[in-house]
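Residue-level listing of the chains:
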Amino acid sequence: MMTQSKAGQIVWHDLFTSDRACSMAFYQHVANWTYEIERATDFAWGGGEKDFVLALSGDEAGAGLAETPPEQEDGWIAYIEVPDVDVAVKRVGTLGGEIVREPFEVPGVGRNALVRDPLGALAGISLSRHGFPVPRQQFGPEVYVNNGNDFPLAFYAGLFGWQVSHEQDTDCLALLGPAGNLVALQHAATWPTGSNAAWVPCIKVASASDACRAAEAKGARLASADLNETVQVQNPILCDLKGTPFTFGIE
């Protein structure tokens, strides 16, 4: 069951991809991930028997890769821990968000739901029923991008107890969990006009510059965002071979 230390933390990432083998090879090359394949007898995304790939950094499992189901779009989803998924989902509409998928069981893992925040960013809500710790070795603070400077703080404060750091950087907004630890950053970038805001995973690597070069050599490209020079050097956002945005952080 959930421990208090997990409340308000990002506890898992799923990558939905139209070419799972391609995505696995890409992230193995750029992030040195290894994989374990689990056979789900009642797959949470479409039912039936399907393979689900666990992505590991060292001995830490913090992500899964799945072929994109018909009702879902390609991309990364970050899941944020709550004490009760059903109670949290009931508050989404009053906080200006939208329910994308009502609460559902993931056998042996927990209970999840999918929502969009008031600016359109997709996020998962999760109650863990497993012993995995918060994956701090595999992922750094999540990055929020938008086509303006707004961040829907009331939504994330109301659902997850997030707060803004008093030590704010001029280039980004630092977002803290209920225990005061850094959970996410709002990126000082201009996302394409007309696009929804988005959460971008920060994959931890030994050297961000080396990883960026390795990713670009494999066909990754800079995301179509207008970054200021300071942020671009520190935290560039890339798109993988399937066009899904991600960024690198230092281990």
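Okay, so let's go over this structure. What you see is a predicted model, and the numbers here were worked out from it, not measured in a lab.

1. Focus on the packing of helix H2 (residues 85–92) against helix H3 (residues 153–160)
The relative placement of two packed helices comes down to the angle between their axes together with the axis-to-axis distance.
Okay, step 1: Two elements in contact, H2 and H3, have axes separated by 10 Å at closest approach and are oriented at 155°. Taken as axis vectors, H2 and H3 run roughly antiparallel relative to one another. Two packed elements cross with a definite hand, and for H2 against H3 that hand is right-handed. In this structure, H2 uses Ala88, Arg91 and Val92 to contact H3, whose residues at the interface are Phe155, Gly158 and Leu159.
Okay, step 2: Partitioned by chemical class, the residues of the contact of H2 with H3 number four nonpolar, one polar and one charged.

2. Brief notes about the pattern of salt bridges
Okay, step 1: Taken as a whole and assessed by the stated rule, the structure comprises six salt bridges.
Okay, step 2: Here glutamate 73 makes a salt bridge to arginine 116, at a shortest N to O gap of 3.3 Å. Of this pair, glutamate 73 sits in the loop between strand S4 (60–67) and strand S5 (75–81) while arginine 116 sits in strand S7 (residues 110–116); the two residues are 43 residues apart in sequence, bridging distant segments of the chain.
Okay, step 3: By relative accessible area, arginine 116 is classed as buried at 16%.
Okay, step 4: Here glutamate 105 makes a salt bridge to arginine 111, at a shortest N to O gap of 2.9 Å.
Okay, step 5: The class of glutamate 105 is partly exposed, set by a relative accessible area of 39%.
Okay, step 6: Of the residues examined, arginine 111 reaches a relative accessible area of 18% and is grouped as buried.
Okay, step 7: In this structure, a network of salt bridges that share partners links the residues Asp86, Glu105, Arg111 and Arg129.

3. So, the nonpolar core
Taken as a class, soluble globular proteins show a tendency for nonpolar side chains to be buried jointly.
Okay, step 1: Ranked by internal contacts, the top residues of the largest apolar core, which has 28 residues, are Ile125, Phe151, Tyr156, Phe160, Trp162, Leu175 and Trp199.
Okay, step 2: Where this core is concerned, the elements lending two or more residues are S5, H2, S7, strand S8 (122–128), H3, strand S11 (173–176) and strand S12 (182–186).
Okay, step 3: Leaving out residues up to four positions away in the same chain, tyrosine 156 has contacts with Ile80, Asp117, Ala121, Tyr144, Phe151, Gly161, Trp162 and Trp199.
Okay, step 4: Counting 24 residues, the second-largest nonpolar core is a separate cluster that includes Val30, Val205, Phe246 and Phe248.

4. Concerning the packing of aromatic side chains
Okay, step 1: A full pass over the atoms with the stated rule returns 20 aromatic pairs.
Okay, step 2: Ring centres of tyrosine 27 and phenylalanine 246 lie 5.7 Å apart, and the angle between their planes is 75°; on these two criteria the pair is classed as edge-to-face. Here the residue tyrosine 27 occupies a position in helix H1 (residues 20–31), and phenylalanine 246 occupies one in strand S19 (residues 245–250), the gap between them amounting to 219 residues.
Okay, step 3: Under the relative-accessibility criterion, tyrosine 27 is labelled buried at 0%.
Okay, step 4: Grouped by ring-pair contacts, the aromatic residues Phe26, Tyr27, Trp33, Trp76, Phe139, Phe246 and Phe248 constitute a single cluster.
Okay, step 5: Above the face of the phenylalanine 104 ring, arginine 101 is positioned so that its terminal group lies 3.7 Å from the ring centre.

5. Some points on the sheet that holds S11
Okay, step 1: Reading across the sheet, the five strands line up as S10-S11-S12-S9-S14 and stay open at both edges, with mixed pairing between neighbours. Here the strands that pair on one side only, and so sit at the sheet edges, are strand S10 (163–164) and strand S14 (198–200).
Okay, step 2: Of the strand pairs in this sheet, strand S9 (residues 142–145) and S14 are connected by three bridges, and their pairing is antiparallel. Considered in S14, the bridge of valine 143 is made with valine 200.

6. A closer look at the sheet that holds strand S15 (residues 202–205)
Okay, step 1: Pairing is mixed across the open sheet formed by four strands, whose spatial order is S15-S19-S18-S16. Across the chains shown, the open sheet's two edge strands, defined by having one partner strand only, are S15 and strand S16 (221–222).
Okay, step 2: Strand direction decides the pairing type here: S16 and strand S18 (residues 237–239), joined by two bridges, are antiparallel. Looking at S18, one finds that arginine 221 is bridged to cysteine 239.
Okay, step 3: Helix-sheet contacts for H1 involve S15 and S19, and the interaxial angle to S15 is about 45°.
Okay, step 4: Together, S15, S16, S18 and S19 form the strand contacts of helix H4 (residues 208–217), whose direction differs from that of S19 by roughly 150°.

7. A short note on the side chain of serine 128
Okay, step 1: Residue position: serine 128 is located in strand S8.
Okay, step 2: A distance of 2.7 Å separates the side chain of serine 128 from the side chain of glutamate 81, its partner in a polar contact.

8. Some remarks on the environment of arginine 91
Okay, step 1: The topology assignment puts arginine 91 in helix H2.
Okay, step 2: A relative accessible area of 40% places arginine 91 in the partly exposed class.
Okay, step 3: Sequence spacing of arginine 91 and phenylalanine 155 is 64 residues, and the spatial spacing of their C-alpha atoms is 9.2 Å.
Okay, step 4: Look past the residues within four positions of arginine 91 in its chain and what remains in contact with it is Gly158 and Leu159.

Conventions we followed
- Residues numbered from 1 in each chain as written.
- Predicted model: local features only at pLDDT ≥ 70, side-chain atom pairs only at ≥ 80, totals over all residues.
- Heavy atoms only, no water.
- Axes fitted to C-alpha atoms, helices over the stretch in contact; angles between N-to-C directions.
- Helix = DSSP H or I, 4+ residues; strand = E, 2+ residues; numbered from the N terminus.
- Parallel < 35°, antiparallel > 145°, perpendicular 65-115°, else oblique.
- Left-handed = near helix turned anticlockwise from the far one by under 90°.
- Contact = heavy atoms within 4.5 Å.
- Nonpolar A, V, L, I, M, F, W, Y, C, P; charged D, E, K, R; others polar.
- Salt bridge = Lys/Arg side-chain N within 4 Å of Asp/Glu carboxyl O.
- Buried < 20%, exposed > 50% of the residue type's maximum accessible area, 1.4 Å probe, protein only.
- Core = buried A, V, L, I, M, F, W, Y, C linked by side-chain atoms within 4.5 Å.
- Phe/Tyr/Trp six-rings, centres within 6.5 Å; stacked < 30°, edge-to-face > 60°.
- Lys NZ or Arg CZ within 6 Å of the ring centre and 35° of its normal.
- Pairing = 2+ DSSP bridges.
- Polar contact = N/O pair within 3.5 Å; in protein donor to acceptor, adjacent residues only side chain to side chain.

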